[in-house]
Amino acid sequence: MKSKSIGFINIVALIKDKTMPSPCSPGSGRFTILLIEDDRVVIDMLQRAAKICFPEADYVSITTFEEAVLYLFSLEGKGPQLILVDVFFSGLQTGLDFLKLLKTDPQGKFIPVIVLSANDNEQQVKQAYREGAASYFVKPFSFEEWKVFMTNLRLFWFQTATLPLTYFERRVSILRE
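Note that the structure is predicted; figures quoted are calculated from it, not measured.

(A) Spatial organisation of the pairing of strand β7 (residues 113–117). Of all the five residues making up β7, five are buried; the element is thus mostly covered by neighbouring parts of the structure. Side-chain alternation along β7 places Val-113, Val-115 and Ser-117 on one buried face and Ile-114 and Leu-116 on a second face that is also buried. Of the strand pairs in this sheet, strand β6 (residues 82–86) and β7 are connected by four bridges, and their pairing is parallel. Directly across from Val-85, in β7, lies its bridge partner Val-115. Each parallel crossover has a hand, and the one from β6 via helix α3 (residues 95–102) to β7 is right-handed. As defined by bridge partners, β7 adjoins strand β8 (residues 135–138) across four bridges and the pair is classed as parallel. Bridged to Val-115 within β8 is Tyr-136. In terms of handedness, the path from β7 via helix α4 (residues 122–130) over to β8 forms a crossover that is right-handed.

(B) The nonpolar core, seen in detail. Counting 28 residues, the largest nonpolar core has Leu-34, Ile-36, Ile-83, Val-85, Phe-98, Val-113 and Val-115 as its most contacted members. Mapped onto this core, the elements with two or more residues apiece are β3 (31–36), β4 (57–62), α2 (65–74), β6, α3, β7 and α4. When residues of this core are assigned to their parent elements, the largest contribution, six residues, is made by α2. Leave out the neighbours within four places in its chain, and Ile-83 touches Leu-34, Ile-36, Phe-98, Leu-102, Ile-111, Pro-112, Val-113 and Ile-114. Grouped together as the second largest cluster of nonpolar side chains are 22 residues, Ile-43, Ala-49, Ala-50 and Tyr-59 included.

About the thresholds
Residues numbered from 1 in each chain as written. Predicted model: local features only at pLDDT ≥ 70, side-chain atom pairs only at ≥ 80, totals over all residues. Heavy atoms only, no water. Buried < 20%, exposed > 50% of the residue type's maximum accessible area, 1.4 Å probe, protein only. Helix = DSSP H or I, 4+ residues; strand = E, 2+ residues; numbered from the N terminus. Pairing = 2+ DSSP bridges. Right-handed = clockwise from strand over helix to strand, strands pointing away. Core = buried A, V, L, I, M, F, W, Y, C linked by side-chain atoms within 4.5 Å. Contact = heavy atoms within 4.5 Å.

Any link to function would need more than the numbers given here.
Given below as structure tokens:
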């Protein structure tokens, strides 16, 4: 199997066998959020809170750096309007590595990224903003706190902010040789 280096990892040319989730179609009135998080409890709580507090949102959940890169390079058409990324997840790469890679992408650099972490380590906060994060949040722990987080997320990013539309061209072919 041949692979080509992309940013921080080598992606093996098995992509044609993978079916990556796609964001909703343009003009659907939905708000697509890419969630990169490996903790199933956090994913479940966030999605349950979102159903109540941000029903217009569709979530594409990805659990690893590699899947996130595959998703980004497999996109064709409208991309996500917002990305929520955990600082740490399984594997060698971090959420901050993904953020750095995303901000080098001609379309990806326009997508706001919210970095989530279990703590407010000053070095991580500074690095997140240095790499281009739109904001940094310490993850809520209770379901009620997740509902408040999702309500505020909806109020700002869906109802208040004006975001650019990002359209991607499928680049999977550049991953094969």
